[in-house]
Amino acid sequence: MRSADYVLKRGFFALVTVFVAITINFFLFRVLPGSAVSDLSRVPKASPQLKHALTVEFGLDKPKWQQYLIYLRELFHGNMGISFANQQPVSHLLIADLKNTIPMVTVGTVAAIVVGMVTGILSAWRRGSAADHVSTNGAILFYAFPTQWLGLMLLIIFAGTLPAGGMENPFLFSAEPFWQHLGDIAQHMVLPAATLLLTAYGSYTLVVRSSMLETLGEDYVLTARAKGLPDRRVVRRHAFRNAMLPMVTLVALDLGYIVGGAVLIEVIFSWPGIGLAMYDAIQQRDYPMLQGGFLILTVAVIFLNFAADLFYFRLDPRISQ
Amino acid sequence: MTLPLQDPQLAAEAEGQPSTRAGFFRTVLRERKAAVVGLSIIGFFVVLSIIAPYISPYSITEQTCAVYAPPSSAHWLGCDDGGIDMLSQLMQGGRISLVVGFAATLVAMIIGGGVGLLSGYFGRATDVVLMRITDYLLVIPDLVLMIVIADVWGASLFHVIIVIGILEWTSTARIIRAQVMSVRERVYVKRTRALGAGNTRIIFKHILPQVGPLLIANTVLTIAIAIYLETALAFLGLADPTVTSWGTILEHAFERTAISSGAWWAIVPVGLVIAAVIVGCFLFGQAVEDALNPRLKVANLSVRRWRLRPLVGRGPDAL
């Protein structure tokens with residue numbers, strides 16, 4: 001019973017957050033000065049009639065609440081507007097971009113989690129040793145380097161050996177076998193994913209280390225030691241499992257940061273994902289695309305957070321009490 | 001009648017916690033090398049950015065050497081695409097980056113500290129409403145929201161400060177709230193209230209001084225985040241294009257083919273100084289936070305060496 005309550009509560013929270021994000025998205029573009037009409041009617045000799053016609057066409061003559069309801073209704077039908085830049089539906093463009101973003105971000109994040117866990121556990125295990133100092137200081141340093149700078153550094157170092165931009169080699173014919181295309185994409189993915197790994201793993205190392213240290217001080221670890229279990233087993237079976245709980249929370253909280261970093265990374269490596277689409281939208285003042293990109297990224301983060309909540313609950317059912 | 005020292009909570013406060021804030025920071029600086037290193041780094045860059053216009057070797061608006069001239073004895077860090085000295089840009093750009101970092105953090109701390117205090121002190125409906133808002137903002141990816149706001153609002157220094165400030169307060173609010181909730185229940189606060197002190201007096205005279213060090217630790221950590229975010233926004237072209245900051249230096253290097261020209265001197269140094277400031281803030285903020293959190297000290301136990309480290313700041317019978 002209790003677990004059903006918990007799932008419902010978190011699910012409700014996620015839905016309300018999505019609603020809040022949608023509302024922010026609507027009002028942000030209306031409280032700030034300027035509108036689509038003042039932008040579009042900036043042609044020479046724009047007559048008041050043209051302005052009026054545009055205002056009516058966009059429905060901007062209606063009261064705000066009515067515009068808001070229309071916006072909600074259209075959104076639930078999957079309509080995110082038409083891109084100013086290339087006159088195509090925003091939702092189609094962004095879903096295509098999302099398909100490119102997901103693999104790169106997933107590979108980078110998973111790699112960061114693995115590297116962060118390994119270095120963090122080693123640090124805690126060999127506390128005070130040279131290895132601990134190297135891994136802790138390295139983590140702080142990489143945490144401090146700006147994401148875009150790390151990307152540029154990788155570009156400087158590996159330009160020439162690895163593909164520096166884009167997602168596919170445009171000269172690879174589509175008749176080539178599937179695995180060759182896959183290998184090509186993987187090669188293009190190395191640098192962006194490595195940047196994401198470097199920029200994200202530092203905070204994981206630090207958190208895993210401190211959480212491991214905390215767990216190693218617990219009574220049950222002392223008991224396990226006293227039973228005569230070997231170190232390796234104590235760390236792996238007894239300390240590690242409990243030390244991983246904060247990691248789930250951290251990964252969930254970090255998602256926003258990762259998504260922000262992904263935008264910067266996609267810009268540097270011209271990776272054709274949502275981040276690059278938002279960057280292009282900024283350059284071209286393409287508000288519908290910007291709005292759509294924000295909404296999709298936010299909703300993705302909210303649902304991944306919800307998933308992390310459920311996962312945490314699976315791992316530690318005590319939290320519902 | 002009970003003597004104050006018989007109260008275990010009061011006794012712990014009397015022996016464990018330093019009486020004044022200045023005393024606390026002196027202790028932290030004496031006991032933790034990381035805090036000294038961090039504070040020196042921050043101090044160095046603050047002083048540098050104050051005196052930058054007087055000591056920087058060249059103007060940052062006029063061409064003084066060839067386009068992408070490599071480092072030489074006249075221009076230690078070479079020149080950028082406009083033939084402008086990189087070292088001078090680095091010095092004066094730091095000024096803007098630090099101003100944005102400090103000002104945005106001030107905004108964030110006023111909001112976050114205020115929300116945390118009100119929420120923790122008054123509890124109930126105030127707490128529920130404020131924490132709901134905090135939770136929503138905590139989940140929404142902040143850089144993405146910043147990009148949208150900064151773009152719609154227009155690129156300017158002031159806008160960047162406000163945009164970072166109004167979105168970076170959430171974790172501070174949560175931390176301060178938790179601390180206020182525990183301070184509020186302490187005996188001396190209850191006694192003060194019994195003596196007839198009002199809410200304002202209790203908050204400003206008794207609660208704020210207790211959460212002060214934590215707020216300062218958070219301020220320093222937030223400065224690091226704010227500087228990082230400034231470079232990110234500038235990189236996407238959302239900062240004032242007429243002002244030179246560390247963020248815009250990186251943006252220009254990327255936009256204006258520094259990489260294909262092989263001009264590493266336009267990229268490498270600026271990343272190193274940004275990282276130095278962030279590491280400085282991190283070391284100092286983390287050291288203060290660790291000193292405030294006795295729980296972390298219990299864990300100073302290593303499997304390999306297998307011995308207990310002495311406990312600091314806790315009662316004699318801890319662990």
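## Overview of the overall build of chain B
- Along the backbone of chain B there are 13 helices and zero strands.
- Listed N to C, the secondary structure of chain B is α-α-α-α-α-α-α-α-α-α-α-α-α in terms of helices and strands.
- The buried share of chain B, taken over its 319 residues, is 41%.
- Taking contacts inside chain B between residues at least 6 apart in sequence as the whole, the part at least 24 apart equals 69%.

## Some remarks on the overall build of chain A
- The helix and strand tally for chain A stands at 13 helices and zero strands.
- When its helices and strands are written in sequence order, chain A yields α-α-α-α-α-α-α-α-α-α-α-α-α.
- With the C-alpha coordinates aligned to their principal axes, the bounding extent of chain A is approximately 85 × 55 × 40 Å.
- Intrachain contacts of chain A at a sequence separation of at least 6 include 73% that bridge at least 24 residues.

## A short note on the packing of helix α6 (residues 142-153) of chain B against helix α10 (residues 199-235) of chain B
Residue and element names in this part refer to chain B.
- Interhelical geometry of α6 versus α10 gives an angle of 50 degrees and a closest axis separation of 11 Å. Taken together, the axes of α6 and α10 lie oblique to each other. When you trace α6 past α10, the crossing you get is right-handed. Residue-level inspection shows Leu143, Met146 and Ala150 of α6 in contact with α10, the latter providing Leu229, Ala232 and Leu233.

## Observations regarding the interface of chain B and chain A
- Contacts between chain B and chain A engage 39 residues on the former and 46 residues on the latter.
- Of all the secondary-structure elements, those providing two or more residues to the side of chain B that touches chain A are α5 (124-139), α6, α10, α11 (246-255), α12 (268-292) and α13 (294-298) of chain B.
- Here the side of chain B that touches chain A takes ten residues from α6 of chain B, the largest share from any one element.
- The class makeup of the residues in the side of chain B that touches chain A is 32 nonpolar, four polar and three charged.

## Quick word on helix α8 (residues 178-216) of chain A
- With 39 residues, α8 of chain A ought to run about 57 Å at 1.5 Å a step, yet its terminal C-alpha atoms sit only 48 Å apart, falling short of that.
- Remark: the principal bend of α8 of chain A, roughly 40 degrees, maps to Val190 of chain A, with a proline, Pro192 of chain A, within the next four residues.

## Re the confidence of the model for chain A
- Across chain A, the average pLDDT comes to 84, with 93% of residues at 70 or higher.
- Per-element averaging of pLDDT across chain A places helix α2 (residues 36-40) of chain A at the bottom with 63 and helix α7 (residues 147-158) of chain A at the top with 91.

## Notes on the confidence of the model for chain B
All names here are of chain B.
- Here chain B averages 80 in pLDDT, while 85% of its residues score no lower than 70.
- Confidence, read as mean pLDDT per element, is least for helix α1 (residues 8-16) in chain B (46) and greatest for helix α4 (residues 86-122) (92).
- A low-confidence stretch, residues 1-19 stays under pLDDT 50, and its non-local contacts, those more than four residues away or across chains, total 16 contacts.
- Two summary scores accompany this predicted model of the complex, namely pTM at 0.84 and ipTM at 0.85.

## What to know about the environment of Arg186 of chain B
- As for its placement among the helices and strands, Arg186 of chain B is situated in the loop between α8 (170-184) and α9 (187-194).
- For the pair Arg186 of chain B and Gly113 of chain B, spaced 73 residues apart in sequence, the C-alpha to C-alpha distance is 20 Å.

## Remarks on the packing of α10 of chain B against α12 of chain B
All names here are of chain B.
- It is the contact of α10 with α12, at a shortest axis distance of 8 Å, that shows an interaxial angle of 160 degrees. Taken as axis vectors, α10 and α12 run roughly antiparallel relative to one another. Crossing geometry of α10 relative to α12 is assigned as left-handed. From α10, Pro213, Leu214, Ile216, Ala217, Val220, Leu221, Ile223, Ala224, Ile227, Tyr228 and Thr231 reach across to α12, where they touch Ile274, Val277, Ile278, Cys281, Phe282, Phe284, Gly285, Val288, Glu289 and Leu292.
- Of the residues contributing to the contact of α10 with α12, the split by class is 18 nonpolar, two polar and one charged.

## What to know about the nonpolar core
- Ranked by size, the top nonpolar core spans 156 residues in total, and within it Met146, Leu233, Ile278 and Cys281 of chain B carry the most contacts.
- The leading source of residues in this core is α10 of chain B, at 17 residues.

## Here we look at unusual backbone geometry
- Backbone geometry places Ser270 of chain A, a non-glycine residue, at a positive phi of 45 degrees.
- Topologically, Ser270 of chain A is positioned in the loop between α11 (245-268) and α12 (274-284).
- The partly exposed category is assigned to Ser270 of chain A, around which 15 C-beta atoms lie within 10 Å.
- One non-glycine residue with positive phi stands out, namely Arg124 of chain B, at about 45 degrees.
- With respect to the helices and strands, Arg124 of chain B occurs in helix α5.
- Judged by the 8 C-beta atoms lying within 10 Å of it, Arg124 of chain B is exposed.

## Here's the deal with the environment of Gly275 of chain A
All names here are of chain A.
- Mapped onto the secondary structure, Gly275 falls in helix α12.
- Classification of Gly275 as buried rests on a count of 29 C-beta atoms within 10 Å.
- Along the backbone, Gly275 and Ala53 are 222 residues apart, and their C-alpha atoms lie at a distance of 34 Å.
- Gly275 has contacts with Thr101, Ala262, Val263, Glu266 and Val267, leaving out every residue within four places of it along the chain.

## Considerations on the environment of Ile274 of chain B
- Here Ile274 of chain B is to be found in helix α12.
- Judged by the 26 C-beta atoms lying within 10 Å of it, Ile274 of chain B falls in the buried class.
- Sequence spacing of Ile274 of chain B and Pro70 of chain B is 204 residues, and the spatial spacing of their C-alpha atoms is 21 Å.
- Leaving out residues up to four positions away in the same chain, Ile274 of chain B has contacts with Pro146 and Trp149 of chain A together with Ile227, Thr231 and Trp246 of chain B.

Cut-offs applied
- Residues numbered from 1 in each chain as written.
- Chains lettered and ligands numbered in written order.
- Predicted model: local features only at pLDDT ≥ 70, side-chain atom pairs only at ≥ 80, totals over all residues.
- Helix = DSSP H or I, 4+ residues; strand = E, 2+ residues; numbered from the N terminus.
- Buried ≥ 20, exposed ≤ 12 C-beta atoms within 10 Å, placed from the backbone.
- Contact = placed C-beta atoms within 7 Å.
- Axes fitted to C-alpha atoms, helices over the stretch in contact; angles between N-to-C directions.
- Parallel < 35°, antiparallel > 145°, perpendicular 65-115°, else oblique.
- Left-handed = near helix turned anticlockwise from the far one by under 90°.
- Nonpolar A, V, L, I, M, F, W, Y, C, P; charged D, E, K, R; others polar.
- Expected span 1.5 Å × (residues − 1).
- Bend = angle between axes of the 7 residues up to and from the residue.
- pLDDT = per-residue confidence, 0-100.
- Core = buried A, V, L, I, M, F, W, Y, C linked by C-beta atoms within 7 Å.

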